[in-house]
Structure formats: C-alpha cells, structure tokens
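Chain by chain, the residues:
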Amino acid sequence: MDRDSDRLIFDEDFKKEMYRVETTNPSIVAYLKDSISREPVVLTDGKGRSVSFIRLAVLERPTRLYCVFQPVVPMEGLGGGNAIVFYLDRTVMPPFMRVETDPAAAESVMNEMTEGYKIARNRYFNFKKNLLDMNNKEPVVMIDPIGGNRVEFRKLAISRRGEKIYVVMEALMSSKTYDKGVKYVYMLNEDDNPPSFEYPSQTVIDDVMAEYERKHGSN
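Residues numbered from 1 in each chain as written. Predicted model: local features only at pLDDT ≥ 70, side-chain atom pairs only at ≥ 80, totals over all residues. Heavy atoms only, no water.

## Looking at the overall build of the protein
- When you go through the protein residue by residue, the secondary structure sums to 4 helices and 11 strands.
- Residues counted as buried form 38% of the 219 residues belonging to the protein.
- Taking all contacts inside the protein whose residues are at least 6 apart in sequence as the whole, residues at least 24 apart take part in 42%.
- When the accessible surface of the protein is split by element, carbon and sulfur atoms take 50% of a total near 13,000 Å². (Helix = DSSP H or I, 4+ residues; strand = E, 2+ residues; numbered from the N terminus. Buried < 20%, exposed > 50% of the residue type's maximum accessible area, 1.4 Å probe, protein only. Contact = heavy atoms within 4.5 Å. Areas by Shrake-Rupley, 256 points an atom, 1.4 Å probe, with all protein chains shown as cover.)

Next comes the structure, spelled out in structure tokens:
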C-alpha cells in the first residue's frame with residue numbers, strides 16, 4: 001500500500017501486511033470457504049484501511065488454507081490475471097490473512113484453481129447439455145431438502161424465459177417433500193457451481209404450468 005495515502009498499490013509493503021478478515025462469523029475458516037456467498041471479502045490492514053475482494057477460489061492444503069482473491073477496485077502494480085494469492089495465518093489469534101510471497105507456492109495454487117475451473121466448466125456443460133436434451137431420458141436427481149433422500153424425477157418440458165431456464169418435472173418417487181406423480185417446476189440456477197435448482201415464485205410456476213398444459217394437456 002502507499003503509506004502516504006489510501007491509494008491501493010500492490011507493492012512490497014502490501015505483501016508484508018497482515019489483514020484482518022471482517023466477518024461476524026465466529027469461524028473465519030467457514031466464512032472463507034462459503035462457496036454460496038456472493039458478498040465481497042473485506043480485509044483490513046494495520047492502519048484500519050479496508051480492501052474489498054471477490055472470492056475466486058479457496059483451496060485447502062495440508063499446512064495452509066489458500067484464498068485467491070480479485071480486488072473489487074483495480075490495483076496499481078497488479079498485472080496478469082489481477083488476482084492475489086493469500087493464505088490464512090493461524091499462528092496468531094484471531095487468524096490473519098497474508099499474501100503468499102513464495103512464487104512457486106502461489107503459482108501452484110493458481111494452477112490448481114485453473115484446473116478446478118476446467119473440471120467445473122466441463123461438469124456444468126455436460127449437466128446443462130443433458131438437461132436440455134429432451135431425448136435424454138435419464139432421470140433428474142435431486143436431494144430432498146428435508147429428509148436428505150435421493151429423489152428421481154422424469155423431465156417433461158423445458159421453458160426458456162429470457163435468460164432463465166425452467167424445468168417441468170414429475171416425481172418418480174415420494175419423499176418428505178415430494179409426492180410421486182406430482183409435477184414440479186424448478187428454475188436452473190447457473191450461478192452455482194455445479195448448477196442447482198431453485199423454487200421460483202408461484203406466479204412463474206403457474207405461468208410455466210399453463211404453458212405446459214397448453215402444449216401437452218393436463219395429464
């Protein structure tokens with residue numbers, strides 16, 4: 001950091017700093033590993049200056065928890081992919097974030113993150129491809145949010161509305177949440193990795209089901 005101003009500079013001083021993780025979560029590790037949260041990670045230096053980051057990846061190694069962060073505001077001195085590899089220093093309490101200054105260790109983390117992205121991307125494309133292929137008769141599998149049981153569904157129709165994708169499915173078995181033979185409408189959440197299903201509003205469900213019944217009847 002530039003010690004004469006609040007301007008953020010990725011320099012040697014920045015790399016030496018210890019950063020406090022701003023969170024109300026009693027477990028910093030759980031907070032950092034939260035793959036659902038879309039909120040920026042805020043780190044504060046010893047002079048009380050805060051830096052906001054986008055969470056790109058969190059990698060657990062035997063000796064360290066690594067985090068790959070991208071600054072919300074571009075930083076002078078930071079080139080390449082505009083990402084910084086931090087690690088959680090657990091030798092102090094509470095734990096602080098530090099920049100990984102070992103080039104080999106930082107490169108290894110970045111390579112693992114890139115490889116993970118490739119695997120996740122392939123998994124996503126295969127999942128979406130199979131989901132949209134109406135000739136693919138394999139059941140769609142979901143986990144009952146209450147009982148935790150595996151539930152299979154028969155895919156009946158796909159409805160596209162703008163950028164949103166909705167799926168009409170019929171439960172092939174009963175569980176605490178689902179009834180066999182009942183039709184359900186879910187929205188594909190492509191922000192999750194891997195993609196997940198979300199329950200849309202009742203208005204959307206009614207519209208999608210009305211469209212389905214116009215095309216296929218009520219049976």
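## Quick word on the pairing of strand β2 (residues 41–44)
- In the sheet, strand β1 (residues 20–21) pairs with β2 via 2 bridges, with the strands oriented antiparallel. Across the sheet, the residue bridging to Val21 is Leu43, located in β2.
- The sheet contact formed by β2 and strand β3 (residues 50–60) spans 4 bridges and is antiparallel. In the sheet register, Thr44 faces β3, and the bridge partner there is Ser50.
- Between β2 and the antiparallel strand that follows it, β3, lie 5 residues; Gly48 among them carries a positive phi value of about 80°. (Pairing = 2+ DSSP bridges.)

## With respect to the side chain of Asn136
- Along the polypeptide, Asn136 turns up in the loop between α3 (103–132) and β7 (140–143).
- Residue classification places Asn136 among the buried residues on the basis of a relative accessible area of 17%.
- Within the structure, Asn136 has its side chain in polar contact with the backbone nitrogen of Glu138 (distance 2.9 Å).
- The contact partners of Asn136, leaving out residues within four places of it in the chain, are Asn130 and Lys155. (Polar contact = N/O pair within 3.5 Å; in protein donor to acceptor, adjacent residues only side chain to side chain.)

## Things to note about the packing of aromatic side chains
- Applying the stated rule across the entire model yields 11 aromatic pairs.
- Measuring from centroid to centroid gives 6.1 Å for Tyr19 and Phe86, while their planes differ by 90°, and the two rings are edge-to-face. Of the two residues, Tyr19 sits in the loop between α1 (12–16) and β1 while Phe86 sits in strand β5 (residues 84–89), which places them 67 residues apart along the sequence.
- Residue Phe86 is classed as buried on the basis of its relative accessible area of 0%.
- An aromatic cluster of at least three residues, connected via ring pairs, comprises Phe10, Phe14, Tyr19, Phe53, Phe69 and Phe86.
- Its guanidinium or amino end placed over the ring of Tyr31, Arg55 lies 5.3 Å from that ring's centre, counting from NZ or CZ. (Phe/Tyr/Trp six-rings, centres within 6.5 Å; stacked < 30°, edge-to-face > 60°. Lys NZ or Arg CZ within 6 Å of the ring centre and 35° of its normal.)

## As for the pairing of β7
- Along β7, the buried face is formed by Val140 and Met142; none of Val141 and Ile143, which line the opposite face, is buried.
- Relative to strand β8 (residues 150–161), β7 runs antiparallel, the two sharing 4 bridges. The residue of β8 that forms the bridge with Met142 is Val151.

## What about the nonpolar core?
- Of all hydrophobic cores here, the largest spans 21 residues; its most connected members are Phe14, Leu32, Leu43, Phe69, Ile84, Phe86 and Met97.
- Taken together, the elements giving at least two residues each to this core come down to α2 (28–32), β2, β3, β4 (65–71), β5 and β6 (96–99).
- Look past the residues within four positions of Leu43 in its chain and what remains in contact with it is Tyr19, Arg20, Val21, Arg49, Ser50, Val51, Phe53, Phe69, Phe86 and Met97.
- Residues Met142, Ala171, Tyr186 and Phe197 belong to the second largest nonpolar core, which totals 14 residues. (Core = buried A, V, L, I, M, F, W, Y, C linked by side-chain atoms within 4.5 Å.)

## Notes on helix α4 (residues 202–216)
- The terminal C-alpha atoms of α4 lie 20 Å apart, and with 15 residues this matches the ideal 21 Å at 1.5 Å per residue to within 8%.
- Restricting attention to buried positions, one finds in α4 the residues Ile205, Val208, Met209, Glu211 and Tyr212. Down the axis of α4, the buried side of the element spans an arc of 155°, and every buried residue falls inside it. Residues of α4 that are exposed and point more than 90 degrees away from the buried face comprise Thr203 and Arg214.
- Close packing links the buried residues of α4 with β8, β9 (164–171) and β10 (183–189). (Expected span 1.5 Å × (residues − 1). Arc of directions from axis to C-beta.)

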